[in-house]
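Listed below are the residues making up each chain.
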Amino acid sequence: MTHIFHPAPIETVDTSTQASWQQQLADVVTTGRELISKLNLDPHYLPAANQGALDFPIRVPKAYLNRITPADIHDPLLRQVLPLKEENEPTPTGFVLDPLGEASSNKTPGIVHKYHGRVLLITNGSCAIHCRYCFRRHFPYDENNLSLKQWLSALDYIKARPEINEVILSGGDPLTNNDKRLFALISAIEAIPHVTRLRIHSRLPIVIPARVTNELVQRLHDSSLNVVMVVHCNHANEIDEEVAAALQTMHHAGIHLLNQSVLLKGINDNLNSLVNLSERLFTCRVLPYYLHLLDPVMGAHHFDVKEADGQNLMLALQNKLPGFLVPKLVREVDGRPSKTPISTPLSPI
Ligand SMILES: *Cc1c(COP(=O)(O)O)cnc(C)c1O
Ligand code: SF4
C-alpha cells in the first residue's frame with residue numbers, strides 16, 4: 001500500500017469540529033416547515049412543499065443548506081430541493097413514471113445493463129439529498145436494496161460476461177454505503193479479471209464532502225482498477241471550500257474526476273451559470289462530461305429546457321470556453337445503445 005502524496009491543499013478547511021459524514025447523513029432537513037423556517041422563506045410556499053413531499057420526500061443535508069442564500073426563492077440550490085406547486089400540477093404528455101425504462105432493463109436485481117461493455121450496479125436506494133428533478137423519483141428502490149449476498153450474486157452476472165470491462169456504481173447514491181460494504185464490493189469487483197475500470201456516480205462529494213474520508217480516498221487510490229469519480233454538480237454555488245478540498249484530495253490520489261449535470265430551467269439554463277460551473281469545476285480538477293437534458297419524469301416538467309434552447313446555450317458556451325470545458329449535451333432515449341448526443345447548430349462565419 002502506497003500512501004497518498006498530500007501536497008499543501010490549495011484551499012484548506014478546518015474540519016476538526018465537524019460532524020462525521022454518517023452524522024451529517026442522519027441529521028437532515030426532511031420537512032417543508034423546517035426548510036422554509038431555516039431559510040426564512042415566505043410560509044405561503046408550505047402547502048405545495050408538503051404536497052410535493054408526499055410524492056417524493058424532502059431531504060436536505062445541513063452542509064448543503066448552508067450554501068443556500070436565505071430568503072431567496074430563486075436560489076439555484078434551493079430550487080433543487082424545495083417542492084414547488086408545479087410538481088403537483090397535472091403532468092404534460094410524455095412525462096412518465098419510468099422515463100428510461102429501467103424497470104425493464106432491471107431483470108437481475110441490482111443490475112441495469114443497457115450499454116456495451118459497462119453495467120450499472122445499483123448498490124442501494126438511498127440518497128443524501130432528494131433532488132426534485134430526479135428521474136428515479138419513482139424507481140422501485142426497495143426491490144434494489146440488496147443485501148451483501150445479493151450484491152455478490154449480482155456480480156455473477158458480470159463474471160459471466162467477459163465483454164464487460166467497466167462497472168459503474170450507482171444508486172441511489174453508492175457513497176451512502178458504509179466503507180465496510182463499499183470496500184467489500186470493490187474487492188469483489190477487483191477479483192473479476194475482465195473488469196478494468198470502476199466508475200462511481202455520486203452526488204455525495206458535492207452534498208456532504210465529509211464523505212470523502214482519507215480511508216475512502218486511500219482505498220480508491222490503492223485499487224487495481226482505474227477509478228473514475230463522476231460527481232453530480234449543477235451549479236457553481238454548490239462548490240464551497242470544503243467541496244473544493246474534497247475534490248482536490250481525490251485528484252491528488254489519482255482518481256479521475258468528471259462532472260455530469262442536468263440542464264434545469266431556473267437553475268442553470270443561462271450562459272453565465274454554465275460558464276461559471278465549468279470554470280469552478282476545473283479549478284477543483286474536475287472536467288465537465290455530460291450536460292443532460294431532463295428525463296421526462298412525472299413531477300419535474302417545470303425544470304424542462306427545450307432542446308432548441310439547450311442547443312443555443314451550447315453554441316454560446318462553445319464560443320466562450322476552451323473545448324475541454326464544454327460538456328456534451330445529451331439526452332437519454334429508451335432503447336438506444338448509448339446516450340443520444342444533441343448536435344450544436346453552426347455558428348455564423
Ligand atoms: C448513462 C449510463 C451508462 C454510462 O454511459 P456513459 O456514456 O458510458 O457515461 C451506463 N449504463 C446506463 C444504464 C446508463 O444509463
Ligand atoms: S442524488 Fe441523484 S439519484 Fe439521488 S435524488 Fe439526487 S438526482 Fe436522484
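Note: the structure precedes this text.
Residues numbered from 1 in each chain as written. Chains lettered and ligands numbered in written order. Predicted model: local features only at pLDDT ≥ 70, side-chain atom pairs only at ≥ 80, totals over all residues. Heavy atoms only, no water.

Draft legend 1. Just the site of ligand 2, in detail. For ligand 2, the full set of nearby residues is Cys127, Ile129, Cys131, Cys134 and Arg203. Comparing atom positions with the cavity grids shows ligand 2 to sit within the largest pocket. Tallied by class, the residues present in the shell around ligand 2 amount to four nonpolar, no polar and one charged. (Near = heavy atom within 4 Å. 1 Å grid on protein atoms, 1.4 Å probe; cavity = no way out; pocket = protein on both sides within 12 Å on 5 of 7 lines; lining within 4 Å. Sits in = over half its atoms within 2 Å of the grid points. Nonpolar A, V, L, I, M, F, W, Y, C, P; charged D, E, K, R; others polar.)

Draft legend 2. Layout of the side chain of Asn234. Structurally, Asn234 can be placed in the loop between strand 7 (226–232) and helix 11 (241–252). A polar side-chain atom of Asn234 sits 2.8 Å from a polar atom in the side chain of Tyr133. When near neighbours in sequence (up to four residues on either side) are disregarded, Asn234 contacts Gln80, Tyr133, Arg203, Ser261, Val262, Leu264, Asn268 and Leu277. (Helix = DSSP H or I, 4+ residues; strand = E, 2+ residues; numbered from the N terminus. Polar contact = N/O pair within 3.5 Å; in protein donor to acceptor, adjacent residues only side chain to side chain. Contact = heavy atoms within 4.5 Å.)

Draft legend 3. Just the pairing of strand 9 (residues 287–292), in detail. Most of strand 9 sits inside the fold, with five of its six residues counted as buried. Pairing of strand 8 (residues 256–262) with strand 9 involves five bridges; the strand directions are parallel. Bridging from a neighbouring strand, Leu258 pairs with Leu287 of strand 9. Taken together, strand 8, helix 12 (residues 271–283) and strand 9 constitute a β-α-β crossover, and its handedness is right-handed. Relative to strand 10 (residues 328–331), strand 9 runs parallel, the two sharing three bridges. Each bridged residue has a counterpart across the sheet, and for His292 the counterpart in strand 10 is Val330. (Buried < 20%, exposed > 50% of the residue type's maximum accessible area, 1.4 Å probe, protein only. Pairing = 2+ DSSP bridges. Right-handed = clockwise from strand over helix to strand, strands pointing away.)

Draft legend 4. Seen up close, the environment of Tyr64. Within the secondary structure, Tyr64 is located in helix 4 (residues 62–65). Judged by relative accessible area, which is 0%, Tyr64 ranks as buried. Taking the C-alpha atoms as reference, Tyr64 lies 9.6 Å from Val28; in sequence the two are 36 residues apart. Those residues in contact with Tyr64, other than ones at most four positions away along the chain, are Leu77, Gln80, Val81, Ile129, Arg203, Val207 and Glu238.

Draft legend 5. Representation of the state of the cysteines in the model. Here the structure, examined in full by the defined rule, presents zero disulfides. Distance from the sulfur of Cys233, which forms no disulfide, to the nearest cysteine sulfur (Cys284) is 8.7 Å. When its relative accessible area of 0% is taken as the criterion, Cys233 is described as buried. (Disulfide = S-S within 2.5 Å.)

Draft legend 6. Highlighting empty space enclosed by the protein. This structure, assessed with the given rule, holds one cavity of 30 Å³ or more. For the largest cavity, the full set of lining residues is Asn259, Ser261, Leu274, Leu277, Ser278, Leu281, Pro288, Tyr289, Tyr290, Leu291, Leu317 and Pro327. Elements with a minimum of two residues in the lining of the largest cavity: strand 8, helix 12 and strand 9. Classifying every residue of the lining of the largest cavity by side-chain character gives nine nonpolar, three polar and no charged. (Points joined across faces, edges and corners; volume = space filled by probe spheres on them.)

Draft legend 7. View of the site of ligand 1. All residues adjacent to ligand 1 are Val112, Lys114, Tyr115, Arg118, Leu120, Ile168, Arg199, Tyr289, Tyr290, Glu332 and Lys339. A distance of 2.6 Å is found between an oxygen atom of ligand 1 and a side-chain nitrogen or oxygen belonging to Arg118. In the model, an oxygen atom of ligand 1 is placed 3.0 Å from a nitrogen or oxygen of the Glu332 side chain. When the free accessible area of ligand 1 is taken as 390 Å², the share hidden by the protein chains comes to 91%. If you list the elements that add at least two residues to the shell around ligand 1, you get strand 3 (111–115), strand 4 (118–122) and strand 9. (Areas by Shrake-Rupley, 256 points an atom, 1.4 Å probe, with all protein chains shown as cover.)

Draft legend 8. Inspection of helix 11 at higher detail. Between its terminal C-alpha atoms helix 11 stretches 16 Å, which fits the 16 Å expected from 12 residues at 1.5 Å a residue. All of the buried residues along helix 11 are Glu242, Val243, Ala244, Ala245, Ala246, Leu247, Gln248 and Met250. Packing partners of the buried residues in helix 11 comprise helix 9 (204–207), helix 10 (214–222), strand 7, strand 8 and helix 12. With a side-chain oxygen lying 3.2 Å from the backbone nitrogen of Glu242, the N-terminal cap of helix 11 falls on Asp240. With its phi angle positive at about 85°, Gly254 sits one or two positions after the end of helix 11. (Expected span 1.5 Å × (residues − 1).)

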